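The primary structure of each chain is shown beneath.
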Amino acid sequence: MRSHDYGRDVLAGPKKRREIPEVAAEPGVVVEDPASGFCGAVVRFESGNVVLEDRHGRHRLFPLTPIGFLLDGRPVTLVRPKAEAPKRQLSASGSVKVEGLRARTARDSRIWVEGLHDATLVERVWGHDLRVEGVVVEPLDGVDVLAGRIEEFGTGPGRRLGVLVDHLVEGSKESRLVSAIRDEHVLVTGHPYVDIWQAVKPASVGIRAWPVVPRGVPWKEGICEALGWGDPTDGWRRVLAGVKGFRDLETPLLGAVERLIDFVTEPA
């Protein structure tokens, strides 16, 4: 009896189709249009089409059709590259920058610093964060008047004070004055440096170290004389110009200011 010819094995599964890879049409990718033989590099997109440039500088427009090109002799489907997620922009303090920021209405709470230089430096680094939170920074003109100014201000829930003090070390005049403050709505932090200038890293202002100023010599004047910086006004310009962000400041100052911002922005 003749056997029947059934052809291929009927138990075998369907033949697997060859997968055609998708290739991102990044600028510079060289492909060929098989219909015309035009070979060129991707240069741009126009209205859903891709523009190729050949080695003679000629441009031609091709539709981004499936399996429309050859790459190294093999068929591919060109697709537009995926747009990269926008990189997060950071503020000078290292926080995520809020784009299109409109400053929040100022809170009743405040941050006080000892002088104008302190206020300017805090604004230089934390200004964006302070506007987001609606926090105003005001110069105090010295810690000697702190107790009286707190009484005048009138603290309370939702009306807090954060105070940044220079040279806040054990046994200093500043530490004795601060120790007398007994108000749960007031937080005093500080740094160990004689002046806010010294909280800027020496390398950021182009020096190896801050000079030691002899006792009895005003600190800013002594620094400027030792470094040949002219008067304190000239010196301050140099210091401020060296501060681009938080990396230019010493850690004790960074921590002190961050604690104050957290304190005055806590919900009442």
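Check the entry above for the structure.
Owing to the predicted nature of the structure, the values given are computational and were not obtained by experimental measurement. (Residues numbered from 1 in each chain as written. Predicted model: local features only at pLDDT ≥ 70, side-chain atom pairs only at ≥ 80, totals over all residues. Heavy atoms only, no water.)

A.B. asks: An account of the side chain of His185 is needed here, citing residue identities and associated values.
C.D. replies: Secondary-structure assignment places His185 in the loop between α3 (173–179) and β11 (186–190). Assessed through its relative accessible area of 15%, His185 is described here as buried. With sequence-adjacent residues up to four places away left out, His185 is seen in contact with Thr155, Gly156, Pro157, Arg159, Arg160, Leu161 and Phe263. (Helix = DSSP H or I, 4+ residues; strand = E, 2+ residues; numbered from the N terminus. Buried < 20%, exposed > 50% of the residue type's maximum accessible area, 1.4 Å probe, protein only. Contact = heavy atoms within 4.5 Å.)

A.B. asks: Give me the lowdown on helix α2 (residues 146–153), citing residues and values where you can.
C.D. replies: Looking only at α2, the buried set comprises Leu146, Ile150 and Phe153. Along the axis of α2, the buried residues cluster in a sector spanning 65 degrees; they form a single face. Of the exposed residues in α2, the ones pointing more than 90 degrees away from its buried face are Ala147, Glu151 and Glu152. As for α2, its buried residues are in contact with β8 (110–113), β10 (161–165) and β11. (Arc of directions from axis to C-beta.)

A.B. asks: Provide a residue-level description of the nonpolar core, including the pertinent values.
C.D. replies: The biggest cluster of nonpolar side chains holds 37 residues, and the ones touching the most others in it are Leu121, Trp126, Trp197, Trp210, Trp229 and Leu249. Elements that contribute at least two residues to this core include exactly β8, α1 (116–133), α4 (219–227), α5 (232–241) and α6 (251–265). Of the residues forming this core, the biggest block, 8 residues, is contributed by α6. Once you skip the residues sitting within four places of it in the chain, Trp126 turns out to touch Ser93, Leu249, Leu253, Leu254, Val257, Glu258 and Ile261. Core analysis: the second largest hydrophobic core is formed by 13 residues, Val143, Ile150, Val163 and Val188 among them. (Core = buried A, V, L, I, M, F, W, Y, C linked by side-chain atoms within 4.5 Å.)

A.B. asks: An account of the sheet that holds β11 is requested, with residue identities and associated values reported.
C.D. replies: Judged by pairing direction, the sheet is parallel, and its 4 strands sit side by side in the order β9-β8-β10-β11 without closing on themselves. Unpaired on one side and paired on the other, β9 (136–139) and β11 mark the two borders of the sheet. The mean angle between the axes of side-by-side strands here comes to 25 degrees, regardless of whether they run parallel or antiparallel. Pairing of β10 with β11, which is carried by 5 bridges, proceeds in the parallel orientation. By the bridge assignment, Val165 is partnered in β11 with Gly190. (Pairing = 2+ DSSP bridges. Axes fitted to C-alpha atoms, helices over the stretch in contact; angles between N-to-C directions.)

A.B. asks: Please give an account of the pattern of salt bridges that cites residues and values.
C.D. replies: Under the criterion given, the structure shown has 9 salt bridges. Arg110 serves as the salt-bridge partner of Glu138, at 3.3 Å between the closest nitrogen and oxygen. Here Glu138 is found in strand β9, whereas its partner Arg110 is found in strand β8, with 28 residues between them in sequence. Here Arg110 falls in the buried class, since its relative accessible area comes to 17%. (Salt bridge = Lys/Arg side-chain N within 4 Å of Asp/Glu carboxyl O.)

A.B. asks: So, the environment of Gly154: which residues are in play, and what are the values?
C.D. replies: For Gly154, the position within the fold is in the loop between α2 and β10. Spatially, the C-alpha atoms of Gly154 and His185 are 9.7 Å apart, while their sequence positions differ by 31 residues.

A.B. asks: Please set out the packing of α1 against α6 residue by residue, giving values where relevant.
C.D. replies: When two helices pack together, you describe them by how their axes are tilted relative to each other and by the distance separating the axes. At a minimum axis distance of 12 Å, the contact between α1 and α6 shows a crossing angle of 25 degrees. Here α1 is positioned roughly parallel relative to α6, judged by the angle of their axes. Crossing angle aside, the handedness with which α1 passes α6 is right-handed. Only Leu253, Leu254, Val257, Glu258, Ile261 and Thr265 of α6 make contact with α1, whose side of the interface consists of Leu121, Val122, Trp126, Leu130 and Glu133. In terms of residue class, the contact of α1 with α6 is made up of 8 nonpolar, 1 polar and 2 charged. (Parallel < 35°, antiparallel > 145°, perpendicular 65-115°, else oblique. Left-handed = near helix turned anticlockwise from the far one by under 90°. Nonpolar A, V, L, I, M, F, W, Y, C, P; charged D, E, K, R; others polar.)

A.B. asks: Go over the packing of aromatic side chains, please, and point to the residues and values.
C.D. replies: The description of an aromatic ring pair uses the distance of the two centres, along with the angle that the planes make with each other. The tally for this structure, following the rule as stated, stands at 7 aromatic pairs. Arranged with centres 5.9 Å apart and planes meeting at 45 degrees, the rings of Trp210 and Trp219 form a pair that is tilted. Taking the relative accessible area as the measure of exposure, Trp219 reaches 13% and is therefore buried. Joined through ring pairs, the aromatic side chains of Trp197, Trp210, Trp219, Trp229 and Trp236 make up one cluster. In this structure, Arg80 is placed above the aromatic ring of Phe45, and the distance from its NZ or CZ to the ring centre is 4.2 Å. The ring of Trp112 has Arg149 sitting right over it, with the charged end atom 4.8 Å from the ring centre. (Phe/Tyr/Trp six-rings, centres within 6.5 Å; stacked < 30°, edge-to-face > 60°. Lys NZ or Arg CZ within 6 Å of the ring centre and 35° of its normal.)

A.B. asks: Any details on unusual backbone geometry? Residues and values, ideally.
C.D. replies: The phi dihedral of Asp141 is positive, around 65 degrees, even though this residue is not glycine. Among the secondary structure elements, Asp141 is positioned in the loop between β9 and α2. At His167, a residue that is not glycine, the phi angle is positive and equals roughly 50 degrees. By the element assignment, His167 lies in the loop between β10 and α3. What makes His167 partly exposed here is its relative accessible area of 25%.

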